[in-house]
Amino acid sequence: MSSAFTEKVSDGLFKLKTYWKKPPKGYYVSYKEFVNLSLGFGVVSFLSVMVGMATFDVTKDMMIHYNVSLGQVWLFTMINAIIGIIRAPIMSLCIDNCKSKRGKFKPFILPATIATCVFFCITPFIPMSWNNNVLAQISVPAMPWIGLPESSNIIFTPAIIALWVLIILGTTASTFVSQAVGGIEQTITPISQERSTIASLRGIICNIPGSIANALPGVLLMFGVFDMDKVGKSTIFPLITQQIIFPICSICAIALVFFVVRGTKERVVVTNAVKEKVSFVQGAKALSTNKYFWIIVVYQLIITIRANINIVDFIRQYSYPGNPALTGFIEILGKTVLMTAFVVGMAVGPIVMKKFGKRKVMITANVGFVIFAVLQLATYKIPIIVVFCTFFQNIFVGFDFITGIMTSDALDYEQYRHGKRVEGFWQNFIAMITTVVGIFTAMVPLFLAAAAGIGFGDVYADKMADIVTREKLYLYRSLVGVATGAIAAIPIFFYDLTEKQHASIVRALRIRAAKDDFMTNSLTDSQIVELKGIVDYAVDYNDTFILSKMAEFEDLDKVIAMYDDAKAREDAKFAQEEQEDIERNIELETKKLEAKIAKQKAICEKKGINFDEENFIDQYVYRNRYLILLDEYSDIKAKKEINDENTAEQRFNNQIDKEETKYNKQLEKAKVKANKKNLVFDEDEFRGKYIYNSKYIIKQEEFADMLKERERVRAEIAREKTIREMEKINKRLEKIKVKI
């Protein structure tokens, strides 16, 4: 095991060295450029630490130091929403119209990073004395219906105003950075497979800096490096935590900027295809009648309110003021284990979704969330149990990524209905709705705090020091989590776009696209091959819906007549790509073999022993899947094929022996059972049924006819099942009104 691991590590290092400056054949990005891009996302990761710690929220440590009140958060949330609506199109305009020789993204990264760091680094150094002078105050009348029994005064001091202005400016600058670095990732290579590989790998690497920085305060506290501050009677990290971490994150972020700016390239593929733009009126009219759009929007709004159930930050700050070790442990859990719990849902989701479908998985995930939400409600007075409930809640929250896949399916549905793609408008329309509604959803935690007895003008930390007030807030937030967790499943029940219905819609879209492209002489070989597969499927399964779409394509026979030539060209293209991949790997493995031979020779010379180079090459090539394809090693290949064939035959015989042993046991049981009931036992009939249902015995040559018959019967059963399912799907699809 250890030798195999060592071999993999050695191969990885060799591959890294070989392709460090020069990318593999057929690709654009070298390993060095990939590392530079990952370090560029490290900039975003470091900046996110400051953004997260300086969020204008009463639960954030720095805000507690400056006595930020619920009323201030409420008012600034509404103002921030308005600013966000104005800011988004301005930022898009700046980036899309950039004409710099360095590209459209790079010019913004360095200045925006510096601006972000400057603005956020100033925030923890705002003098506390600035909180002593009141610049203005707003009176909020009593509102018993929302839990605010008494009137409150929202006070604004120079410190609060300075904090808010700096945070708004810093957030705007950091958004420029994240959009610019993300834009470079999208344009770093024109090859989609290479782009997806880069995205998945850099996602693992680039989040490490932020995770370490976020977990560091908890580690220091847990091991007694510093004591926590007492603000009111809350237990929070001292302000020096941000005063140290923010400059460190800033220095690291600015240093990493130069890697992404100097070490990456923007590669844009220009296309001559013209895509029709969708106007606001057209998009709004289309989406307003798309029920799946509203299902997803409503679900997202509900789970935004559901997030109030997470009270881990409150527990860390207020529940264990005299136990810094436990407080530090909870902080580490919150920044590491609880956050990684989402990954479990994201990892399991694709597996169960494939078997049960998106709708069932989402409903089940919401039920699972509610179970642990109810457990939290039952134990809200025992904070440490609530922390572990949050872990399991986060696992089920991880399944929410499925809504992104639902969105893609719904966009295909929308294109089928109206003939236009509305991805961009979909995102903008949702952003507009969530921003407006977000003004009210952001008020939910403020109203819950008010119901618990924390007024809009009260010092949050002082009120939370009272155990009665604290437990009331825990209770109310848990109740909201249980209620919205249950309600969130309701819109999903109405999501009836199944995987097979979506597959039929996609087939219809491909027929439509082939028809349009044929008329403009832009039909590709891959489209012709796909179309032939769709036609064969529709005919084999008598899919009336697809057959009706085929009937709308008058020149379909002409396209199908082009299939043989198109298939030949596609096969040749695939073979060429496959050959290039083999040649690329052979090149790498040849260099690796040469390096290993040189290394082994040096070792043997040092030890004074002979080195059998020919035997070494034979053993290495025998285990290598690429070098063995070379003509010069044909004898080794022949030897390996014989050995592999013998091994496969031996494994097959072993499986047959296992099934025969199992058969003998079942035979004896069947005989005993028949004797007890005084029945005549037909051993030949029993043997025939066993072989018919076996996995390996039936594959022997003597049972070839039986195997062929079994495959025919099973295929017919599967076909009949598919036809029945397609009849149900087609009835629903035919009811959809298509307006193109």
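Conventions we followed
- Residues numbered from 1 in each chain as written.
- Predicted model: local features only at pLDDT ≥ 70, side-chain atom pairs only at ≥ 80, totals over all residues.
- Heavy atoms only, no water.
- Helix = DSSP H or I, 4+ residues; strand = E, 2+ residues; numbered from the N terminus.
- Contact = heavy atoms within 4.5 Å.
- Areas by Shrake-Rupley, 256 points an atom, 1.4 Å probe, with all protein chains shown as cover.
- Phe/Tyr/Trp six-rings, centres within 6.5 Å; stacked < 30°, edge-to-face > 60°.
- Buried < 20%, exposed > 50% of the residue type's maximum accessible area, 1.4 Å probe, protein only.
- Expected span 1.5 Å × (residues − 1).
- Bend = angle between axes of the 7 residues up to and from the residue.
- Salt bridge = Lys/Arg side-chain N within 4 Å of Asp/Glu carboxyl O.
- Patch = residues over 30% accessible without salt bridge, like charges linked within 9 Å, V, L, I, M, F, W, Y side chains within 5 Å.
- Core = buried A, V, L, I, M, F, W, Y, C linked by side-chain atoms within 4.5 Å.
- Lys, Arg positive; Asp, Glu negative; His and termini not counted.
- Charge placed at Lys NZ, Arg CZ, Asp CG, Glu CD.
- Axes fitted to C-alpha atoms, helices over the stretch in contact; angles between N-to-C directions.
- Parallel < 35°, antiparallel > 145°, perpendicular 65-115°, else oblique.
- Left-handed = near helix turned anticlockwise from the far one by under 90°.
- Nonpolar A, V, L, I, M, F, W, Y, C, P; charged D, E, K, R; others polar.
- pLDDT = per-residue confidence, 0-100.
- Polar contact = N/O pair within 3.5 Å; in protein donor to acceptor, adjacent residues only side chain to side chain.

1. Looking at the overall build of the protein
- Secondary structure summary: the protein contains 30 helices and 4 strands in total.
- Once local pairs closer than 6 in sequence are excluded, the contacts in the protein between residues at least 24 apart make up 75%.
- Of the accessible surface of the protein, which amounts to about 40100 Å², a share of 61% is contributed by carbon and sulfur atoms.

2. Considering the packing of aromatic side chains
- The full count for this structure, using the stated rule, is 17 aromatic pairs.
- Ring geometry for Tyr416 versus Phe545: centroids 6.0 Å apart, planes at 65 degrees, classification edge-to-face. With Tyr416 in helix H17 (residues 402-418) and Phe545 in helix H24 (residues 544-551), this pair connects stretches of sequence that are 129 residues apart.
- Judged by relative accessible area, Phe545 falls into the buried class, the value being 0%.

3. A short note on helix H14 (residues 337-356)
- Here H14 spans 28 Å end to end across 20 residues, near enough to the 28 Å set by a 1.5 Å rise per residue.
- Largest kink in H14: about 40 degrees, centred on Gly349, with the proline Pro350 one to four residues after it.
- Every buried residue of H14 is listed here: Leu338, Ala341, Gly345, Gly349 and Met353.
- Contacts made by the buried residues of H14 are with helix H12 (312-319), helix H13 (324-335), helix H15 (358-378), helix H16 (383-397) and H17.
- Positive backbone phi, approximately 95 degrees, marks Gly357, located one or two places after H14.

4. Re the pattern of salt bridges
- Summed over all chains, the structure comprises 20 salt bridges.
- Between Asp555 and Lys558 there is a salt bridge; the shortest N-O distance is 3.6 Å.
- For Lys558, a relative accessible area of 51% translates into the label exposed.
- We note a salt bridge from Lys671 to Glu683, for which the minimum N-O separation is 3.6 Å. Here the residue Lys671 occupies a position in helix H28 (residues 634-676), and Glu683 occupies one in helix H29 (residues 683-693), the gap between them amounting to 12 residues.
- For Lys671, a relative accessible area of 28% gives the class partly exposed.

5. Things to note about a nonpolar patch on the surface
- A cluster of nonpolar side chains, contributed by Ile82, Ile85, Ile86, Ile90, Val436 and Phe440, occupies part of the molecular surface with about 590 Å² of accessible area.
- Listing elements by their share of the nonpolar patch, those giving two or more residues are helix H4 (70-96) and helix H18 (423-441).
- No other element matches H4, which puts 4 residues into the nonpolar patch.
- Positionally, Ile90 belongs in helix H4.
- Relative accessible area serves as the criterion here: at 47%, Ile90 is assigned to the partly exposed category.

6. Topic: the nonpolar core
- With 79 residues, the main nonpolar core has Phe56, Phe246 and Tyr460 as its most contacted residues.
- Here this core takes 13 residues from helix H6 (residues 158-187), the largest share from any one element.
- For Tyr460, the residues in contact, after removing those within four places along its chain, are Val58, Val68, Leu70, Phe314, Tyr318, Ala449, Ile454 and Leu473.
- Listed in part, the 40 residues of the second largest apolar core include Ile302, Met353, Tyr495 and Leu509.

7. A short note on a negative patch on the surface
- Judged by side-chain charge, Asp612, Glu614, Asp618 and Asp635 come together as a negatively charged surface patch.
- Judged by relative accessible area, which is 60%, Glu614 ranks as exposed.

8. Describing the environment of Phe681
- Counting through the fold element by element, Phe681 comes out in the loop between H28 and H29.
- Look at Phe681 and you get partly exposed, because its relative accessible area is 26%.
- In this structure, the C-alpha to C-alpha distance between Phe681 and Ala670, residues 11 residues apart in sequence, is 8.1 Å.
- Phe681 has contacts with Leu667, Ala670, Lys671, Ala674 and Phe686, leaving out every residue within four places of it along the chain.

9. Overview of unusual backbone geometry
- Positive phi, close to 55 degrees, is recorded for Asn521, a residue that is not glycine.
- Tracing the chain through its elements places Asn521 in the loop between helix H22 (499-519) and helix H23 (525-541).
- Taking the relative accessible area as the measure of exposure, Asn521 reaches 75% and is therefore exposed.
- Despite not being glycine, Asn542 shows a phi value in the positive range, around 50 degrees.

10. A few points about the packing of H23 against helix H26 (residues 563-607)
- At their nearest, the axes of H23 and H26 sit 9 Å apart, and the two run at 120 degrees to each other. Classified by the angle between their axes, H23 and H26 sit oblique to one another. Relative to H26, H23 is oriented so that their crossing is left-handed. In this structure, H23 uses Asp525, Ser526, Ile528, Val529 and Lys532 to contact H26, whose residues at the interface are Tyr563, Ala566, Lys567, Arg569 and Glu570.
- For the contact of H23 with H26, the per-class residue count stands at 4 nonpolar, 1 polar and 5 charged.

11. Remarks on the environment of Phe616
- Mapping Phe616 onto the fold places it in helix H27 (residues 613-623).
- Spatially, the C-alpha atoms of Phe616 and Lys596 are 9.5 Å apart, while their sequence positions differ by 20 residues.
- If sequence neighbours within four positions are ignored, Phe616 has contacts with Leu593, Lys596, Ile597, Gln600 and Phe611.

12. Describing the packing of helix H2 (residues 31-53) against helix H5 (residues 106-122)
- Orientation of H2 relative to H5, taken along the N-to-C sense of each, is 25 degrees, at an axis distance of 10 Å. Relative to H5, the element H2 lies roughly parallel. Here the hand of the crossing between H2 and H5 comes out left-handed. Taking contact as the criterion, the partners of Val43, Leu47, Met50 and Val51 in H2 are, on H5, Thr113, Thr116, Cys117 and Phe120.
- When grouped by side-chain class, the residues that make up the contact of H2 with H5 number 6 nonpolar, 2 polar and no charged.

13. Here we look at the confidence of the model for the protein
- For the protein, per-residue confidence averages 80 on the pLDDT scale, and residues scoring 70 or more make up 83% of the total.
- When mean pLDDT is taken per element in the protein, H15 scores highest with 93 and helix H7 (residues 192-206) scores lowest with 56.

14. Here we look at the environment of Phe156
- Along the polypeptide, Phe156 turns up in strand E2 (residues 152-156).
- With relative accessibility at 7%, the residue Phe156 sits in the buried group.
- Sequence-wise, Phe156 and Gln137 are 19 residues apart; in three dimensions their C-alpha atoms are separated by 5.8 Å.
- With residues up to four places along the chain from it excluded, the contact list for Phe156 reads Gln72, Leu75, Phe76, Asn133, Val134, Leu135, Ala136, Gln137, Ile138 and Ile161.

15. With respect to the side chain of Thr484
- In this fold, Thr484 is placed in helix H21 (residues 467-493).
- Within the local environment of Thr484, its side chain forms a polar contact with the backbone oxygen of Val480, the two atoms lying 2.6 Å apart.
- There is a polar contact of 3.5 Å between the side chain of Thr484 and the backbone oxygen of Gly481.
- Ignoring anything within four residues of it in the chain, the contact list for Thr484 reads Ile302, Ile305 and Arg306.

16. Topic: the side chain of Thr123
- You can see Thr123 is positioned in the loop between H5 and strand E1 (136-140).
- Its relative accessible area of 0% is what places Thr123 among the buried residues.
- A polar side-chain atom of Thr123 sits 2.5 Å from the main-chain carbonyl oxygen of Phe120.
- In this structure Thr123 touches Met62, Tyr66, Leu163, Leu166, Ile167 and Phe246, once residues within four positions along its chain are discounted.

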